[in-house]
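# Summary of structural features
One letter stands for each residue in the lines below.
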Amino acid sequence: MSMNDDSIPGLPKDDSPLWKRAAKHTAILVGLLGLWEFVTAFGYADPLLFPRPSAIFTSFVPLYITRGIVWEHLWVTMATVLAGFVVGTLFGIALAILAGLSETIHRYLKPYVIVLEATPRIAIGPLMLAWLGFGFGAKLAIVTLVCFFAPFINTLTAILSANPAQIELMRSLGATKWQTLTKAIVPDGMPMIMAGVRMAMASALGGALVAEFISSNKGMGVLLDNLAAMLNMSGAFATLLSLTVIGYALYAIMESIEGRVVFWQNEAGLRRVSARRRRSFGVSA
Amino acid sequence: MSGASTMAGRGPGFVARLTDPVFLRRAFTHLGIFAAFISVWEWAGRTGRLNDLIMPAPSAIADALWRLYVTTGEIYWHFFVTFFEAVMGFLIGGAIGMGLAIAAALSLTFRRYIAPYAVALNVTPGIAVTPIFIAWFGFGWSSKIALAALIVFFPIFVNTLSGLLRTDRDTAELFRSMGASKSQTFFKLMIPDAAPMIFAGLKIAMTGALVGAIVAEFASATEGIGILMQRYAHRLDIAASIAVLLSMALMGLFLFTMMEVADRRVVFWKHQSRLEAMSRRRRRRWNGPATTTESVRT
């Protein structure tokens, strides 16, 4: 499977007190922002193109509070992202299970999957627009398509790389095909499936933004495009920062869902679930 | 991703397989399914069961391909523009990503203080920066190169970093005890050890570079394969649009295969057939041409 751990590796736990760490990080951030502010304030960079940090921060106010224009765009984008993510992921997993159950289907599907994988998915955007019009449908279709592949491929890989000894055991115990799938293959492949789902979530926001860039009248992509086209760069940067926050929130949510679903992959989750199960079985810890 | 990477590493040679009855039967079934699919589609298109504006028949798409590649030949220039943008973006973003990753691997402090920014960059959809880059770099090639570089950066950065951090401890100990210098340890141990992971990152990034170039073209461009496709879609010439899309798939496959080939050449020890070929060649170079495997062992 492809590399899918997207966190920064090699960061040992820092034992110094929290305030010290926070102070150091803040000092660096303030230093960078100060340098930037200085460079633009004294005319070394064009403030029209590189807005000062202070200008970016003040432009959050009209966006969110006094004029509040961000909210309707935010709502549209979030609806597109979530709907497309759910539909695309479910489709991907379901199709992968179908394809994985039958070796014949899998074999004859494979070349098409390879070609589709090589195609930049987002490139289908203009076609979707021509097919489905400029409304919500096309955007939903684009996000669905973008979200389809990672879960599909990871689920298929997980099913195909299932442990043959386990399947043998299930068969010798007289399990049905369905039981083998739901009790052995899927739980075993769950970490990989969840990694695919997380990748889908990571690309959903990008897919929605591209759909909105191509053509739409509402959404964060439209807002960003309009602000940049009007050369209101501080507003554009404020919108971009909002997207960073949204992206981080989606990432964190997926991370916590993943921690719950594949709880046996981390120490804390394992301890939590086994304590709960022990209680429910009536065994004292 | 994995689906395509399984294409490599096929067992026996292609020519030998041509006489294998199982292989032949499967190949024919593949072709049969494909032909059946295309003919049903063509039939539905001819008899008016499919709307031409929505899903043109295969013959119309083939016709459009002919027009694009032979009669007018207009696709070549656009093809080249996008290819150039993607490759340039890949090189620039890759150089920055690898440079920063090497610095981060060598210094814990640097790693610790760059981490939040790398994470922030990763959770921001790179594509979202398109309008800002267009305002900065204009409507020409440079804004597309910049976006491709931005998208390429993270996968290369994170894979290079984790590859470099994974150096085997015992081997590092061995290097130290044999008095290897810092640069020797770096070039002879850390880099070769990290190479498989770095290449995994490069492969992901290559596809990303193409996406970046194409999306930036969608947003605003005068030349490139992305804008070509969008133009046809806006004219509702869906057949030509699909023809361009197929060309994009071709370009994606080509770029990916290029990386795959580079991977097999550079990280030869991870692929059995390449490993054998390499060791055969080295054996010949070190022992003179006549030696056999046995004489090497003694």
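Before reading on, note that the structure itself is shown above.
Residues numbered from 1 in each chain as written. Chains lettered and ligands numbered in written order. Predicted model: local features only at pLDDT ≥ 70, side-chain atom pairs only at ≥ 80, totals over all residues. Heavy atoms only, no water.

## Let's talk about the overall build of chain B
Check the secondary structure of chain B and you find 14 helices and zero strands. Listed by position from the N terminus, the elements making up chain B come as α-α-α-α-α-α-α-α-α-α-α-α-α-α. Computed over its C-alpha atoms, the radius of gyration of chain B comes to 24 Å, more than 25% above the 19 Å expected for a compact globule of 298 residues. Dimensions of chain B along its principal axes, counting C-alpha atoms only, are 75 × 60 × 30 Å. Pairs at least 24 residues apart make up 69% of the contacts formed inside chain B by residues separated by at least 6 positions. (Helix = DSSP H or I, 4+ residues; strand = E, 2+ residues; numbered from the N terminus. Rg over C-alpha atoms; globule rule 2.2 N^0.38 Å. Contact = heavy atoms within 4.5 Å.)

## Some points on the nonpolar core
Ranked by size, the top nonpolar core spans 114 residues in total, and within it Phe90(B) and Phe157(B) carry the most contacts. The element that contributes the greatest number of residues to this core is helix 10 (residues 182–219) of chain B, accounting for 17 residues. Core analysis: the second largest hydrophobic core is formed by eight residues, Val113(A), Phe149(A), Phe152(A) and Leu156(A) among them. (Core = buried A, V, L, I, M, F, W, Y, C linked by side-chain atoms within 4.5 Å. Buried < 20%, exposed > 50% of the residue type's maximum accessible area, 1.4 Å probe, protein only.)

## As for the interface of chain A and chain B
Of the residues lining the interface, 60 residues belong to chain A; the matching set on chain B comes to 61 residues. Between chain A and chain B the total buried area reaches about 5,300 Å² when both faces are included, carbon and sulfur atoms providing 78% of it. Linking chain A with chain B are zero salt bridges. Applying the counting criterion to the chain A and chain B interface returns one residue pair in polar contact (both at pLDDT 80 or more). Of all elements in the fold, only helix 1 (18–41), helix 4 (103–118), helix 5 (125–132), helix 6 (136–160), helix 8 (177–214), helix 9 (220–229) and helix 10 (233–261) of chain A reach the threshold of two or more residues within the side of chain A that touches chain B. For the side of chain A that touches chain B, a count of residues per class yields 42 nonpolar, nine polar and nine charged. (Buried area = accessible area lost by both parts, 1.4 Å probe. Salt bridge = Lys/Arg side-chain N within 4 Å of Asp/Glu carboxyl O. Polar contact = N/O pair within 3.5 Å; in protein donor to acceptor, adjacent residues only side chain to side chain. Nonpolar A, V, L, I, M, F, W, Y, C, P; charged D, E, K, R; others polar.)

## Observations regarding helix 8 of chain A
Between its first and last C-alpha, helix 8 of chain A extends only 45 Å over 38 residues, short of the 56 Å set by a 1.5 Å rise per residue. Along helix 8 of chain A, the sharpest kink reaches roughly 60°, centred on Met190(A) and followed within four residues by the proline Pro191(A). (Expected span 1.5 Å × (residues − 1). Bend = angle between axes of the 7 residues up to and from the residue.)

## Thoughts on the layout of surface pockets
As a volume, the largest pocket reaches approximately 1,400 Å³. Along the wall of the largest pocket there are 40 residues; nearest its centre are Tyr112(A), Val115(A), Leu116(A), Phe37(B) and Leu246(B). Mapped by element, the contributors of at least two residues to the lining of the largest pocket are helix 3 (70–101), helix 4, helix 5 and helix 6 of chain A together with helix 3 (21–46), helix 4 (58–71) and helix 12 (238–266) of chain B. Volume-wise, the second largest pocket comes out at about 1,200 Å³. Taken together, 32 residues line the second largest pocket, and the ones lying closest to its centre are Trp36(A), Phe237(A), Leu241(A), Tyr117(B) and Leu121(B). (1 Å grid on protein atoms, 1.4 Å probe; cavity = no way out; pocket = protein on both sides within 12 Å on 5 of 7 lines; lining within 4 Å. Points joined across faces, edges and corners; volume = space filled by probe spheres on them.)

## Digging into the side chain of His73(A)
All names here are of chain A. Within the element layout of this structure, His73 appears in helix 3. Within the local environment of His73, its side chain forms a polar contact with the backbone nitrogen of Gly219, the two atoms lying 3.0 Å apart. Residue contacts for His73: discarding those within four places in its chain leaves Asn217, Lys218, Gly219, Met220 and Leu223.

## Looking at the pattern of salt bridges
Throughout the structure, instances matching the rule amount to 12 salt bridges over all chains. Glu212(A) serves as the salt-bridge partner of Lys139(A), at 3.5 Å between the closest nitrogen and oxygen. Residue Lys139(A) is found in helix 6, and its partner Glu212(A) is found in helix 8; the two are separated by 73 residues along the sequence. Across the salt bridge formed by Arg176(B) and Glu173(B), the nearest N and O atoms sit 2.9 Å from each other. Placement of the pair is Arg176(B) and Glu173(B) together in helix 9 (residues 169–177), with a separation of three residues, close to one helical turn. Exposure remark for Arg176(B): the relative accessible area of 58% places this residue in the exposed category.

## Digging into a positive patch on the surface
Residue and element names in this part refer to chain A. Together, Arg260, Arg272, Arg276, Arg277, Arg278 and Arg279 give the surface a local cluster of positive charge. Top contributing element to the positive patch by residue count: helix 11 (residues 267–280), with five residues. A relative accessible area of 35% means that Arg272 is categorised as partly exposed. (Patch = residues over 30% accessible without salt bridge, like charges linked within 9 Å, V, L, I, M, F, W, Y side chains within 5 Å. Areas by Shrake-Rupley, 256 points an atom, 1.4 Å probe, with all protein chains shown as cover. Lys, Arg positive; Asp, Glu negative; His and termini not counted. Charge placed at Lys NZ, Arg CZ, Asp CG, Glu CD.)

## A short note on the environment of Gly10(A)
Tracing the chain through its elements places Gly10(A) in the segment before helix 1. Residue Gly10(A) is classed as partly exposed on the basis of its relative accessible area of 31%. Along the sequence, Gly10(A) and Leu241(A) sit 231 residues apart, while their C-alpha atoms lie 27 Å from each other. Contact partners of Gly10(A), with chain neighbours within four places excluded, come to Leu108(B), Arg111(B) and Leu165(B).

## Focus on the environment of Ile75(B)
Residue and element names in this part refer to chain B. Residue position: Ile75 is located in helix 5 (residues 75–106). Between the alpha carbons of Ile75 and Arg283 there is a distance of 47 Å; along the sequence they are 208 residues apart. Apart from residues lying up to four places away in sequence, Ile75 is in contact with Leu68, Tyr69, Leu228 and Ser247.

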